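Per-entry structural report
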Amino acid sequence: MVNDSVVTLKEVIVFGTRLTEFDAGVKTYKTDSATQDRYRHTNLSALLEQNSNIYIKSYGLGSLSTTSFRGAGASQTSVLWNGFNLQSPMNGVLDLALVPVSLVDQVKVQFGGCGAMWGSGSVSGSIHLDNKPTYNNGLMLRYGSSYRSFGSSSQIGAVSLSKKNYIISIKGFYNEAKNNFPFLNTAQFSEPKTTQSNATLKQYGYMSDNYFKLSKRDQLSIRLWQQNSQREIPPTMLVNFSDAIQKDWFTRISSEWQHSRSLSTWNVRAAYFDEHLLYRELSKNIDSYNHSICQITEAETKFSLLKYALLNVGINNTYSTAKVDNYQGMPYQNRTALFGSLKYSGKKNKFKVNIGARKEVIAGSRYSKLFMVPIMPFAGADLWLAKRVVLKSNVSRNYRLPTFNDLYWTPGGNINLLPEQGWSEEIGFNFIHKIKDCARDSCSTKISRLAQFNFSSTVFNRNIDNWIMWVPNGNYWIPRNVLKVWSRGIENSADMVLNFNRLKIDIGVHYDYILSTNEKVPQGNENELGKQLIYVPLHKGGGKIGLIYKGYGLSYLQN
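Only a predicted model underlies this, so the values are computations on that prediction, with no experimental measurement involved.

It is worth spelling out unusual backbone geometry at this point. Put simply, threonine 410 and proline 411 share a cis peptide bond, and its omega is 0°. Structurally, proline 411 is set in the loop between helix 5 (404–408) and strand 24 (420–435). Positive phi, normally seen in glycine, also occurs at tyrosine 535, with a value near 65°. Relative to the assigned elements, tyrosine 535 resides in the loop between strand 27 (503–520) and strand 28 (539–549).

The structure is reproduced here in structure tokens:
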């Protein structure tokens, strides 16, 4: 005799991050586990350059690599590690060559202005580096080696102990490269064949990623990331010799407490970043040392208001200071921000609407009183036009504060600079089609056990006022709010995945057209009016094809 019974459980809502929960109207990209594995021996710039619509400005393997989102500069893109902004307070840039893919579990990209969510610097987009806990996996060990041309090699290792109530893990890496490749020096007479010199690279570091379930509702995470890098800076094609080197080393510590209830979650997080950079060129008598410290604290809550509504409110405080040979004294900046977002989802998820705003108050070395940043609003929506077609659209106001270098560099710093700010708009659609698994479901085709086709197209527009530009001023350069930049364009991508039992085929193409022009220029530079910004490609396209069979993979990419 079978005794059937029904047990009613309490409703539990599982909340994601601020990005995943409030992404209505926003174009996003995230890596899957296969992509993470394929690029585990590379840095973040290689992964993004070959798998997203982002343009990467790179000086070569292991050398400085920065982003260009939709025709904007690197300092207008925020990079966040588990919610903490890694942009340097000195120049507003994060070198992607210093971010090993092996240390993070997933990379997400948010396209378009997102200042309401992430604050200053999120003018053109944001990159998110996330670590994810997986409990009760036992003891896991991992080691990998990679060897490439021109003396390039990579070693990675990881060990983790995952139990029901805690996770202890550590990941490490070591990279080196000689970069002694031959090339034709077209900048010199008779175009001699030359071997690249003074271009070696050595990097090593580790990340400790730990989680503890304090109770059924409470989780504590503690992370430590330490890294050291030494890079030789090769000569340009116009000179024959360089002895320049750059050393970067840092310690990043973060912790987060999360309390979950049936209809809400509460998060309190803090981080401390201690970063150093040494640039040395003895032949020119240059020995420049830079040191910055950043402390971040944040608290936020997400809770369900009604059956279809979710509200997020929070407060953030970011304190930054730096000691640089070219600064007079140690400037500091203290930013306090209030932010909030409200998402409403229609019945059966036919549409989603998200509105949000951020308000910042700033104190620091340059201010005699508190500086009030204008309110930065955001509104976005997803609308399902058909079963497989979703329309996405958003509008936002965004800004970027001047960096310490802009304000305090000697000679040239301009203490009177205004923040860059402007509006961005976009509209696009995604088409997603899946063929069901014929082994379990009845379907009309027997071509493949499972197939998926995705196509997306996005049109965007952005206007930025008070663009900061360094211009000549006698014997040195100074920054000024001299530019007004208009960026607009279209991004297209198509991907198809086919599964034939043990064989998987992955095919994808993408094409972007980006027009980013100067609408206002400084006096004497009228010839640049209406011209494309330097280092911003008008056209960018690429494709890939990958085969995976019984655990073995082969891929080809072209950009």
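What follows covers helix 3 (residues 44–51). Counting buried residues along helix 3, six of its eight residues qualify, which places the element largely inside the surrounding structure. The set of residues buried in helix 3 consists of Leu44, Ser45, Ala46, Leu47, Leu48 and Asn51.

On to the sheet that holds strand 4 (residues 77–81). Read from one edge of the open sheet, five strands run 1-6-7-4-5, paired in mixed fashion. Whereas interior strands pair on both sides, the edge strands pair on one side only; in this sheet they are strand 1 (28–30) and strand 5 (84–85). Examined bridge by bridge, strand 1 and strand 6 (residues 106–111) share three bridges and lie antiparallel to one another. Looking at the pairing, tyrosine 29 lines up with valine 109 of strand 6.

What follows covers the confidence of the model for the protein. Caution applies to low-pLDDT regions: their predicted coordinates should not be interpreted in detail. Confidence in the prediction of the protein, expressed as mean pLDDT, is 89, and 95% of residues score 70 or more. The model gives residues 444–448 a pLDDT under 50, and that stretch makes seven contacts with residues more than four places away or in other chains.

This part covers the pairing of strand 24. Relative to strand 24, strand 23 (residues 389–400) runs antiparallel, the two sharing twelve bridges. By the bridge assignment for strand 24, valine 390 is matched with asparagine 430. Looking at chain direction, strand 24 and strand 25 (residues 450–473) are connected through 15 bridges and run antiparallel. Across the sheet, phenylalanine 431 pairs through a bridge with phenylalanine 455, a residue of strand 25.

On to the nonpolar core, then. Counting 31 residues, the largest nonpolar core has Leu44, Leu48, Ile127, Leu129, Trp225 and Phe273 as its most contacted members. Looking at this core, the elements with two or more residues in it are helix 3, strand 4, strand 6, strand 7 (125–130), strand 16 (264–281) and strand 17 (286–306). The residues contacting tryptophan 225, other than those within four sequence positions of it, are Trp81, Leu86, Leu98, Val99, Pro100, Leu103, Tyr206, Met207, Phe250, Thr251 and Arg252. In terms of nonpolar packing, the next biggest core, distinct from the first, is built from 13 residues, Val123, Phe460, Val482 and Val536 among them.

Time to look at the environment of serine 288. With respect to the helices and strands, serine 288 occurs in strand 17. Put simply, serine 288 and phenylalanine 351 are 63 residues apart on the chain and 54 Å apart in space, counted from C-alpha to C-alpha. Once residues lying within four places of it in the same chain are set aside, the contact partners of serine 288 are Leu277, Leu278, Tyr279, Asp325 and Asn326.

On the surface, Leu305, Leu306, Leu342, Tyr344, Phe351, Val353, Ile355, Leu383 and Leu385 cluster together into a nonpolar patch covering about 780 Å² of accessible area. Within the residue set of the nonpolar patch, elements represented by two or more residues are strand 17, strand 19 (332–345) and strand 20 (351–364). Along the chain, valine 353 turns up in strand 20. Looking at valine 353, the relative accessible area reads 33%, which means it is partly exposed.

Okay, the pairing of strand 22 (residues 376–384) next. Examined bridge by bridge, strand 20 and strand 22 share eight bridges and lie antiparallel to one another. The residue of strand 22 that forms the bridge with arginine 358 is methionine 376. Taken together, the seven bridges between strand 22 and strand 23 define a ladder with antiparallel strand orientation. Counterpart to phenylalanine 378 in the pairing with strand 23 is serine 396. If you look at the hairpin formed by strand 22 and strand 23, you'll find four residues sitting between the two strands.

As a further point, take the pattern of salt bridges. For the structure on display, the rule yields 28 salt bridges. Here arginine 231 and aspartate 248 are joined by a salt bridge, their closest N and O atoms 3.1 Å apart. Placement of the pair is arginine 231 in strand 14 (residues 218–233) and aspartate 248 in strand 15 (residues 244–260), with a sequence separation of 17 residues. For glutamate 275, the salt bridge identified is with arginine 252, shortest N-O distance 2.9 Å. Highlighted residues: glutamate 275 in strand 16 and arginine 252 in strand 15, separated in sequence by 23 residues.

About the thresholds
- Residues numbered from 1 in each chain as written.
- Predicted model: local features only at pLDDT ≥ 70, side-chain atom pairs only at ≥ 80, totals over all residues.
- Heavy atoms only, no water.
- Helix = DSSP H or I, 4+ residues; strand = E, 2+ residues; numbered from the N terminus.
- Buried < 20%, exposed > 50% of the residue type's maximum accessible area, 1.4 Å probe, protein only.
- Pairing = 2+ DSSP bridges.
- pLDDT = per-residue confidence, 0-100.
- Contact = heavy atoms within 4.5 Å.
- Core = buried A, V, L, I, M, F, W, Y, C linked by side-chain atoms within 4.5 Å.
- Patch = residues over 30% accessible without salt bridge, like charges linked within 9 Å, V, L, I, M, F, W, Y side chains within 5 Å.
- Areas by Shrake-Rupley, 256 points an atom, 1.4 Å probe, with all protein chains shown as cover.
- Salt bridge = Lys/Arg side-chain N within 4 Å of Asp/Glu carboxyl O.

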